Amino acid sequence: MTPTAIAKRIHNFGAGPAVLPLGVLERVREELLDYAGTGMSVLEMSHRSAAFEAITQKAEADLRALVGLGAEHAVLFLQGGASLQFAMVPANLRPAGASADYLVSGHWSQAALKEARKAGGARVAGSSEASGFDRVPSPAELDLDPSAAYLHYTSNNTIYGTQWPEPPEPPPGVPLVCDASSDALSRPVDTQRLGLLYAGAQKNLGPAGVTVVIVRRELLERVPGGLPALLDYRLLAESRSLYNTPPCFAIYVTGLVLEWLREQGGLAALAERNQAKAALLYGAIDASDGFYRGHARAESRSRMNVTFRLPDAPSEKAFLQEAQAEGFDGLKGHRSVGGVRASVYNACPHESVAALAAFMTDFRRRRG
């Protein structure tokens, strides 16, 4: 095969798999055939080799530095996505006969609850379903069980475009479990309140194929005996995510993204940048005199997934078609709700967001 010129890159607003930093992609290209002088690709090397061990160690170190993790938390690089975590969390952290609390704020928290109920007790401790998931439940609405095995919530809701502005406060002694798949490392994390956090990498951390789990080590003492090996957090932590062959290439690329995130100034700087990007799109919505109608209430607006509707179906179809022609990709809303969704994750360039906001203003001027 002969080298070919790189095509012009589009404005990628896909919800996941999502845009990766250009510098990371260029680094992958440079190292694809010969990683660090090994004479082979990461795709080819043994997961037991010193070279790959160095990759995982650096990825973990960068993650720990970004989040501010101490020795009290273990870091796992697993497979199966967040969907497997829906089953692993209760299997590992919910003792026999106990119940867990779930805060339901969208499709994926519903899916997590459904999976947890297959093998034990799980109750809804707060929900915004009655209002069409246009917000997250308020603290006053929560009905929390002080004896719950854990309190589970989904920090950002990709389909509906809502996000918890702050983590919910569990009762004393109840671990907080967070599905952070679509906003992981987009803002600072309060590690003191963190019992377990999991995130499929393909939205905000890296490519599809690896799931990052951060778990407080004291919770590993809850893991019951007899779990299948690949579902056992304690065994996976003891084996440093190497009980079996891990998703090596996905871990490698995620490690490069973690390095890039540190180069951007860390999570506080990223939070400011993400807020500025989201503000451009919400500004275009709010200034449209109702032409664009955001789904999320202002107090629950997501900085990662901006969702909105247009006056009617023909207008939405025209918007999406014209946007595609102008180089904006991934804007069609989730099939369950329709509309428009712009995902502006960490790696989404400010220039892409500014271009989309300008397109929205121009489209309204011409069609409104």
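A few points on the structure. Residue numbers here run from 1 along each chain, matching the order of that chain's written sequence. With pLDDT at 70 or above as the cut-off, local features in this predicted model cover only qualifying residues; side-chain atom pairs require 80 or more to be listed or tallied, and sums for whole chains, interfaces and linings still use all residues. With hydrogens and water excluded, all non-hydrogen atoms of the structure serve as input to the side-chain values.

**Focus: the overall build of the chain**
Part 1 of the reasoning: The helix count covers DSSP runs of H or I at least four residues long, the strand count covers runs of E at least two residues long, and both are numbered beginning at the N terminus. Of the regular secondary structure elements, the chain holds 9 helices and 14 strands.
Part 2 of the reasoning: We compute the radius of gyration over the C-alpha atoms and compare it with the globule rule, which gives 2.2 Å times the number of residues raised to the power 0.38. Taking 368 residues into account, the globule formula puts the C-alpha radius of gyration at 21 Å, and the chain, at 21 Å, falls close to it.
Part 3 of the reasoning: With the C-alpha coordinates of the chain rotated into their principal frame, the extents come out at 65 × 60 × 30 Å.
Part 4 of the reasoning: Burial here depends on accessible area, computed with a 1.4 Å probe over protein chains only, as a share of the maximum for the residue type. Under 20% is buried, over 50% is exposed, and the range in between is partly exposed. Evaluated residue by residue, the chain yields a buried proportion of 52% over its 368 residues.
Part 5 of the reasoning: Any two residues whose heavy atoms approach within 4.5 Å are treated as being in contact. When contacts within the chain are restricted to residue pairs at least 6 apart in sequence, long-range pairs at least 24 apart make up 67% of them.
Part 6 of the reasoning: When the accessible surface of the chain is summed, it comes to about 16200 Å², and 53% of that surface belongs to carbon and sulfur atoms.
Part 7 of the reasoning: His is not counted, nor are the chain ends; Lys and Arg add positive charge and Asp and Glu add negative charge. Positions of charges follow a simple convention, taking NZ of Lys, CZ of Arg, CG of Asp or CD of Glu. Both charge centroids of the chain, one from 37 positive and one from 38 negative side chains, sit 4 Å from each other. Exposure was quantified through the Shrake-Rupley algorithm and a 1.4 Å probe, taking into account, for residues, occlusion by the shown protein chains and nothing else.

**Overview of the pattern of salt bridges**
Part 1 of the reasoning: Salt-bridge detection follows one rule: a side-chain nitrogen of Lys or Arg within 4 Å of a carboxyl oxygen of Asp or Glu. Under the definition given, this model contains 20 salt bridges.
Part 2 of the reasoning: Among the ionic pairs, Arg 240 bridges to Glu 53, the shortest N-O distance being 3.9 Å. Of this pair, Arg 240 sits in the loop between α5 (233-238) and α6 (248-263) while Glu 53 is found in helix α2 (residues 50-67), placing the two residues 187 residues apart along the sequence.
Part 3 of the reasoning: Owing to a relative accessible area of 30%, Glu 53 belongs among the partly exposed residues under this scheme.
Part 4 of the reasoning: For Lys 58, the salt bridge is made with Asp 62, and the minimal N-O distance between the two is 2.7 Å. Of this pair, Lys 58 and Asp 62 are both found in helix α2, 4 residues apart, which corresponds to roughly one turn of the helix.
Part 5 of the reasoning: On the basis of relative accessible area, Lys 58 is assigned to the partly exposed category, the value being 39%.
Part 6 of the reasoning: You can call Asp 62 buried: its relative accessible area is 4%.
Part 7 of the reasoning: Among the charged side chains, a salt-bridge network with shared partners connects Arg 27, Glu 31, Lys 58, Asp 62, Glu 259 and Arg 262.

**Focus: the sheet that holds strand β14 (residues 340-343)**
Part 1 of the reasoning: We treat two strands as partners when DSSP finds at least two bridges between them. Sheet architecture is open: 3 strands sit in the order β11-β12-β14, paired in antiparallel fashion. Looking at which strands have only one partner, the edges of the open sheet turn out to be β11 (293-294) and β14.
Part 2 of the reasoning: For strand β12 (residues 305-309) and β14, the ladder comprises 4 bridges, and the chain directions are antiparallel. Bridging from a neighbouring strand, Thr 307 pairs with Arg 341 of β14.
Part 3 of the reasoning: Fitted lines through C-alpha atoms serve as axes, helices being fitted only where they are in contact, and the angles separating the N-to-C directions of these axes extend from 0 to 180 degrees. Those strands touched by helix α7 (residues 267-286) are β11, β12 and β14, and its axis lies near 15 degrees from that of β12.

**With respect to unusual backbone geometry**
Part 1 of the reasoning: Gly 16 connects to Pro 17 through a cis peptide bond whose omega is -5 degrees.
Part 2 of the reasoning: Take Pro 17: it is sitting in the loop between β1 (11-12) and α1 (22-31).
Part 3 of the reasoning: Non-glycine residue Ala 36 carries a positive phi angle of around 50 degrees.
Part 4 of the reasoning: Structurally, the position occupied by Ala 36 is in the loop between α1 and α2.
Part 5 of the reasoning: Overall, the relative accessible area of 64% leaves Ala 36 in the exposed class.
Part 6 of the reasoning: The phi dihedral of Arg 240 falls on the positive side, at around 55 degrees, and the residue is not glycine.

**Let's talk about the packing of aromatic side chains**
Part 1 of the reasoning: Stacked, edge-to-face and tilted labels apply to pairs of Phe, Tyr and Trp rings (six-membered ring for Trp) whose centres lie within 6.5 Å, assigned for plane angles under 30 degrees, over 60, and everything in between, in that order. Across all of its chains, the model carries 16 aromatic pairs by this definition.
Part 2 of the reasoning: Summarising the aromatic geometry, the rings of Phe 249 and Tyr 252 are spaced 5.4 Å apart at their centres and angled 55 degrees between planes, so their arrangement reads as tilted. Of the two residues, Phe 249 and Tyr 252 both sit in helix α6, 3 residues apart, roughly one turn of that helix.
Part 3 of the reasoning: A residue is classified by how much of its surface remains accessible, and Phe 249, at 25% relative accessible area, is partly exposed.

**Looking at the nonpolar core**
Part 1 of the reasoning: What we call a nonpolar core is a set of buried Ala, Val, Leu, Ile, Met, Phe, Trp, Tyr and Cys residues that are connected through their side-chain atoms within 4.5 Å. Core analysis: the biggest nonpolar cluster contains 50 residues, and Leu 63, Leu 185, Ile 214, Tyr 252 and Leu 261 have the highest contact counts within it.
Part 2 of the reasoning: Counting residues per element, this core draws most heavily on α6, at 10 residues.
Part 3 of the reasoning: In contact with Leu 261, other than residues within four places in its own chain, are Leu 66, Leu 185, Gly 266, Leu 270 and Asn 346.
Part 4 of the reasoning: If you look at the next biggest cluster of nonpolar residues, it comprises 31 residues, including Ala 116, Phe 133, Leu 196 and Tyr 198.

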